[in-house]
Amino acid sequence: MITIKSAREIETMALAGRILADALTLVASRVQPGVSTAELDRVAEEFIRSYPGARPSFKGLYDFPASLCTSINSEIVHGIPCEKRVLKDGDIISIDCGVYLEGLHADSAITKAVGAVTEEVQRLLQVTQKALEAGIKTALVGNHVGDIGHAVQQIAEGAGCSVVRELVGHGIGASFHEEPQVPNYGKPKRGPRLTPGMTLAIEPMVTTGGPEIRTLDDKWTVVTADGSLSAHFEHTVVIQPDGPRILTQVPAAAPA
Ligand code: MG
Ligand code: MG
């Protein structure tokens, strides 16, 4: 069942999303060679819990042990933060996080370069971010979930990259993962129709190689089967009559 959120629920999710956006901005500012993924996880958890009533969505979700998923280079998603996992110059790290506030969740992810990266790597990050923007732009009342996936796929594959197919975006609200599934591929006008009050986590996972994945022995970390690099950007958005509203970003500064 696809749940439609009330105006009040949407404002709560926007508040959770704002805390999340600020948490990711803070964590991103700490990304540098020599920092462990466990350190980043502590920064995120402490920041989120500093807001009364807010907690990290991931900790305990399906028994995941941390507040962030930290996925480096060929790791796509669900990497577990660890003291021994230390960032190196030239790495990329995908940082995925959720915030739970007053019964509702928000979900967002970014990928960040560690120190200096090659042009190919910068391009992967740009393409994935553009794919997310294209997906969000098509999240219009009357369009379908397939329009979002199609837009994401066009950008990613048009740039010579692949989209991961076995992992998808999702509805989000009182449950972290709700219907509908939001694949990063698809055909226009297919899938559920988008209606006001639907809240979706749109999250392209893009690779420089093929789309195939495998899961490591830790049962969590999902990597590219061919060892190619992967990037992941995600926003939680609400479908509105006047266009999609991103709930997980720091608002642009008001004009002076
Ligand atoms: Mg996420
Ligand atoms: Mg998600």
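Refer to the structure presented above.
Please read these numbers as outputs of a predicted model, since none were measured by experiment.

Glancing now at the sheet that holds strand β13 (residues 230-232). Pairing is antiparallel across the open sheet formed by three strands, whose spatial order is β6-β10-β13. Of all strands in the sheet, those bounded by a partner on one side alone are β6 (162-163) and β13. With three bridges joining them, strand β10 (residues 205-207) and β13 adopt antiparallel strand pairing. Bridging from a neighbouring strand, methionine 205 pairs with histidine 232 of β13.

Looking at the magnesium ion (ligand 2), the protein donor atoms are Asp107 (OD), His170 (NE2), Glu203 (OE) and Glu234 (OE), and they sit 2.0 to 2.2 Å from it. Considered as a linear motif, the donors of the magnesium ion (ligand 2) on their single chain read D-x62-H-x32-E-x30-E. Taken as an interatomic distance, the gap from the magnesium ion (ligand 2) to the magnesium ion (ligand 1) is 3.2 Å; aspartate 107 donates to each of them. In this pair, histidine 170 sits in strand β7 (residues 169-171) while glutamate 203 sits in the loop between β9 (199-202) and β10, placing the two residues 33 residues apart along the sequence. We note that histidine 170, like glutamate 203, is buried.

The biggest cluster of nonpolar side chains holds 23 residues, and the ones touching the most others in it are Leu40 and Ile93. Those elements that place two or more of their residues in this core are α1 (7-30), α2 (37-49), β2 (68-72) and β4 (92-101). Among the elements that take part in this core, α1 stands out by supplying six residues, more than any other. Counting 14 residues, the second largest nonpolar core, distinct from the first, contains Val121, Leu124, Cys161 and Ala231.

About the thresholds
Residues numbered from 1 in each chain as written. Chains lettered and ligands numbered in written order. Predicted model: local features only at pLDDT ≥ 70, side-chain atom pairs only at ≥ 80, totals over all residues. Heavy atoms only, no water. Pairing = 2+ DSSP bridges. Helix = DSSP H or I, 4+ residues; strand = E, 2+ residues; numbered from the N terminus. Donors = N, O, S within 2.8 Å, 3.2 Å for Na, K, Ca; no water. Buried < 20%, exposed > 50% of the residue type's maximum accessible area, 1.4 Å probe, protein only. Core = buried A, V, L, I, M, F, W, Y, C linked by side-chain atoms within 4.5 Å.

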